[in-house]
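This is what each chain is made of:
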Amino acid sequence: MKKIIILFACLLLTGCYNYKEVSDLAFVSSLALDYQDNNFNIILEIEENQKDNKFSSYILEGTGKTIEAAIQNASLSFNKDLYFINLNILLISTEAANKKLSNILDYVTRDNNFSFDFNIAICDKPKEAIENIIKQEEIFGKYISNLFKNTDSNIINIKLDNLLNNYLNKDYDIILPIINIKENTIIIDKAAIFKDNIIIDTLNKESLALYNILLNNHRDYYLEIDNNIVFKTSYYQTTICFKNNTLYIIPTLTGTFLESVSLDENKIIDEVNINFNKKLESFINNLISLQSDPIGLKRYTKNKKAIKYRISTNIILENKSLIYKGVSS
Amino acid sequence: MENLKIIKDLFTHTPDLIIRPIKKRFNTIYIVFLETVSSGDRVNSYILTPLTLPSKNKLSVKKALSGPNLKIINISQAEEYLCSGFTIILDKQNIYAVETKAELDRGIDDSKVEPAIYGPKDSLVENINKNIGLIKRRIKSSHLKTKNNLVGRYSKTNTSVIYIDNIAKKELVNEIINKLDSIDTDAITSAGELKQYLFNENKNVFPPMKLTERPDTIINALLEGKIVILVDNSPFAIILPAVLADFINPTVDDYTSALNTNYLKVLRMICFILTIITPAFYIATTNYNQETIPGLLLMNISTQRFGVPFPSIVEAIIMLFVCELLRESDVRFASNYGSAVSILGALILGESAVASGIVSPIMIIVIAITFISSLIFNEVEINGAVRAWRYIYLLFASFLGLYGLTLAFIMMLINLCSYKVYNLSYMFPVSPLDFSYLKETLLKVKRKKQDKRSKYLTDNVRKQA
């Protein structure tokens, strides 16, 4: 009998401390953070599932000295518990990224109500972006998350765990994608690069493609040599090593030519090789001049200064052209 | 006639007691029998006809009815013999008994509780001798021993302890025979009743012995070194000791190939876990650990629960209660009404409950999985045990979420591992690990590789060359 009393006492006195009915949860799909005049301004996109299986969302806004205070203020007139585990995207303004990135990362990692599986991007007009997508009867968080996942173009996809890895590792500098609005359309074609946790420059689409190649992020890469020739990679592998005070960067691009190519493919391959080497060299020189290292080259050089680097690209052609085959046979 | 008076006194208000006086020379002999348990034809042909034949009129009863069927008894045994269907012949001070039992039992029928597609179709009946016959038909060996015992002050129920003497452990046989001898009760009417006297441990809901109606299951158990108890008037045999693995793995598995059977065995083990934890897991994940559910599913659950007035734990208990109610009414009610109950249940559970907003559709799915998983066990006792643990899990999960579920699981594991049935751990053959019995139950291997019996059940381990 004593055992049963102890058992029930334990259950009744310790249980139910985090009890939440699932129908009382408000699913936050996007969270946007801005920092202006020593205050955090937040925008929450709340996702709702209608009975007829249609999804809709609405926006809550709040301001506060801290992120928590801002969220509390946003939910003052709201009768549900905010649930951030399903968060799809965290938007940070340039101002907030420059001034309060450490606070933001601390908040989302300390709070058990956040998962590590959401995208992070820079966006200076989050309300406009979210409302734009809501008007199209879509959920902004899901829309952006799918855009990051499914797009063919060379963008970078940074989730909280990647960002924390770069933030805490001294060998890397942070890089975050930038969400822009052009003619009522959401575009992700740039990324902000950081130096000592301050945004110092942006990378364009071409630079992002090279960034992906250097980090083996396997996205399709199109290299235009002139108007008629396009080389498309199907697979690439970049090896980086450091020997005799020289950093060797050896990208191996396997792919095919999309447009008609003259009979001498070997000559064109050499041309592709030279062209790609130049592009990569220019990209790395740019990073060196900015003193930012989002690729993590410091891992290889062990913080040695005044090092040389050498790029040697291998181009492997996957399919020979039909004309080439016809003539050779 | 002093003896006749004693019998009449014993059987007052017994209208089926028939007394037929027959004049025999200068004496009157009395033929006494109970017409409800005796066959009138047999009384006529075995007793009345021989005794009334003019040629045998001068012979004594003993000589007129000579044969192995005639027993000389004393007056104290008369009651028992009369009740057993014998006819008593009172000749002065001599009392004779002639077996004239009526055939009150049904014929051997198909197995209803444990059906098998490819296995033998016959099943035990209410007649203990027929049941022993069904066993002896399958084991033609003098090593098959039967120890009879009468249990019950009034019922005098015939029980038989059956074992194979060079396989079963003698200590276990003696222990069970002693247990049967020590039973002192008014009546034992079935195997289910008797088994409650055979095991004193009443703190555990899991059954320590198995009831079966299949002779092939009995044979398998006997050949493993287990002991079988048959009870007269009961179409079920008690197999003991029984462990958890025996309930999850029926004998019918032996009739199909190893690969297909192993798939079913895994399925059954999953069902055993599912039927216990499904409602508790649902409660724990939706009320405490929402992060474990994929976002889209969680949103769907949230939408479905919209408008349900009860917390999900109350919803789960209501649904479990209604399902238990349906199952019980289905079992108790006459089978002709069974379909009506099912249709009513399906209507209440499937449509009306959801439409009226009492429960959410997802809860119907959860409870349906729970009950469909439990239907693979045909043993009522194991279903009872599963039900009890289902509520314990539900209680822990409703207070502590997945942490509570883990606590309940540890509790069940401790309970099962510390439970011993006749010195055999209930988690056998997993703990203690025994491959020979594992191959018989939880995992099926090729027939040729099942060459040993478990050393925990017998000392005679070699099964085949």
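Residues numbered from 1 in each chain as written. Chains lettered and ligands numbered in written order. Predicted model: local features only at pLDDT ≥ 70, side-chain atom pairs only at ≥ 80, totals over all residues. Heavy atoms only, no water.

**Q** I'd like a description of the confidence of the model for chain A, backed by residues and values.
**A** Averaged over all residues, the pLDDT of chain A is 86; the fraction at 70 or higher stands at 93%. When pLDDT is averaged over each element of chain A, strand S5 (residues 89-92) of chain A comes out on top at 95 and helix H10 (residues 322-328) of chain A at the bottom at 54. (pLDDT = per-residue confidence, 0-100. Helix = DSSP H or I, 4+ residues; strand = E, 2+ residues; numbered from the N terminus.)

**Q** Quick one: what's the story with the packing of aromatic side chains, residue by residue and with numbers?
**A** For any pair of aromatic rings, geometry is given as the distance between the ring centres together with the angle between the planes. All names here are of chain B. For the structure shown, the criterion picks out 18 aromatic pairs over all chains. Between phenylalanine 199 and tyrosine 419, the ring centres sit 6.2 Å apart and the planes meet at 75 degrees, which makes this aromatic pair edge-to-face. In this pair, phenylalanine 199 sits in the loop between helix H7 (191-198) and strand S8 (210-212) while tyrosine 419 sits in the loop between helix H15 (380-417) and strand S11 (420-421), placing the two residues 220 residues apart along the sequence. Taken individually, phenylalanine 199 and tyrosine 419 each receive the classification buried, so the pair is uniform in this respect. Cation over ring: arginine 390 sits above phenylalanine 371, and NZ or CZ is 5.2 Å from the ring centre. (Phe/Tyr/Trp six-rings, centres within 6.5 Å; stacked < 30°, edge-to-face > 60°. Buried < 20%, exposed > 50% of the residue type's maximum accessible area, 1.4 Å probe, protein only. Lys NZ or Arg CZ within 6 Å of the ring centre and 35° of its normal.)

**Q** Report on the pattern of salt bridges, specifying residues and quantitative values.
**A** All names here are of chain B. One pass over the full model with this rule turns up 24 salt bridges over all chains. Linking aspartate 184 and arginine 153 is a salt bridge whose minimum nitrogen-to-oxygen distance equals 2.9 Å. With a gap of 31 residues between them, aspartate 184 in the loop between helix H6 (170-182) and H7 and arginine 153 in the loop between strand S6 (144-151) and strand S7 (157-164) connect regions that are remote in the sequence. Where aspartate 253 meets arginine 268, a salt bridge forms, and the shortest distance between an N and an O atom there is 2.8 Å. A residue pair is termed long-range when its members are at least 10 positions apart, and aspartate 253 in the loop between helix H9 (244-248) and helix H10 (258-287) and arginine 268 in helix H10 qualify at 15 residues. Taking relative accessible area as the criterion, aspartate 253 reaches 4% and is therefore assigned buried. (Salt bridge = Lys/Arg side-chain N within 4 Å of Asp/Glu carboxyl O.)

**Q** Kindly report on the sheet that holds strand S2 (residues 27-34) of chain B, identifying the contributing residues and their values.
**A** Residue and element names in this part refer to chain B. Spatially, five strands are ordered S1-S2-S4-S5-S3 in an open sheet, and the strand pairing comes out antiparallel. Looking along the sheet, the strands with just one partner apiece sit at the ends: strand S1 (17-24) and strand S3 (70-73). Across the sheet, the mean angle separating the axes of adjacent strands is 25 degrees when strand polarity is ignored. Relative to strand S4 (residues 86-91), S2 runs antiparallel, the two being bridged by three bridges. (Pairing = 2+ DSSP bridges. Axes fitted to C-alpha atoms, helices over the stretch in contact; angles between N-to-C directions.)

**Q** Please set out the interface of chain B and chain A residue by residue, giving values where relevant.
**A** Residue-level contacts link 23 residues of chain B with 26 residues of chain A. Of the roughly 2200 Å² buried between chain B and chain A on both sides combined, carbon and sulfur atoms contribute 66%. Together, B:Tyr288, B:Met299 and B:Phe399 form the three largest contributors to the area buried by chain B at its contact with chain A, with a combined 29%. The interface formed by chain B and chain A contains one salt bridge. For the salt bridge of B:Arg305 with A:Glu21, the shortest nitrogen-to-oxygen distance reads 3.2 Å. The interface formed by chain B and chain A contains nine residue pairs in polar contact (both at pLDDT 80 or more). Of all the secondary structure elements, the ones that give two or more residues to the side of chain B that touches chain A are H10, helix H11 (295-305) and H15 of chain B. With ten residues, H11(B) is the single largest residue contributor to the side of chain B that touches chain A. Of the residues that constitute the side of chain B that touches chain A, the class distribution is eleven nonpolar, ten polar and two charged. (Contact = heavy atoms within 4.5 Å. Buried area = accessible area lost by both parts, 1.4 Å probe. Polar contact = N/O pair within 3.5 Å; in protein donor to acceptor, adjacent residues only side chain to side chain. Nonpolar A, V, L, I, M, F, W, Y, C, P; charged D, E, K, R; others polar.)

**Q** Just give me the short version of the sheet that holds strand S10 (residues 237-240) of chain B, but keep the residues and values in it.
**A** Residues and elements named next belong to chain B. Ordered in space as S6-S7-S9-S10-S8, the five strands form an open sheet in which the pairing is antiparallel. Each of the sheet's edge strands pairs with one partner strand only, and the pair in question is S6 and S8. Each strand of the sheet is rotated relative to its neighbour by a mean of 25 degrees, with strand direction disregarded. Note that S6 and S7 share eight bridges and pair antiparallel. Bridge pairing in S7 places valine 151 opposite threonine 157. Packing of H7 onto the sheet brings it into contact with S7, S8, strand S9 (227-231) and S10, and relative to S10 it is tilted by some 30 degrees.

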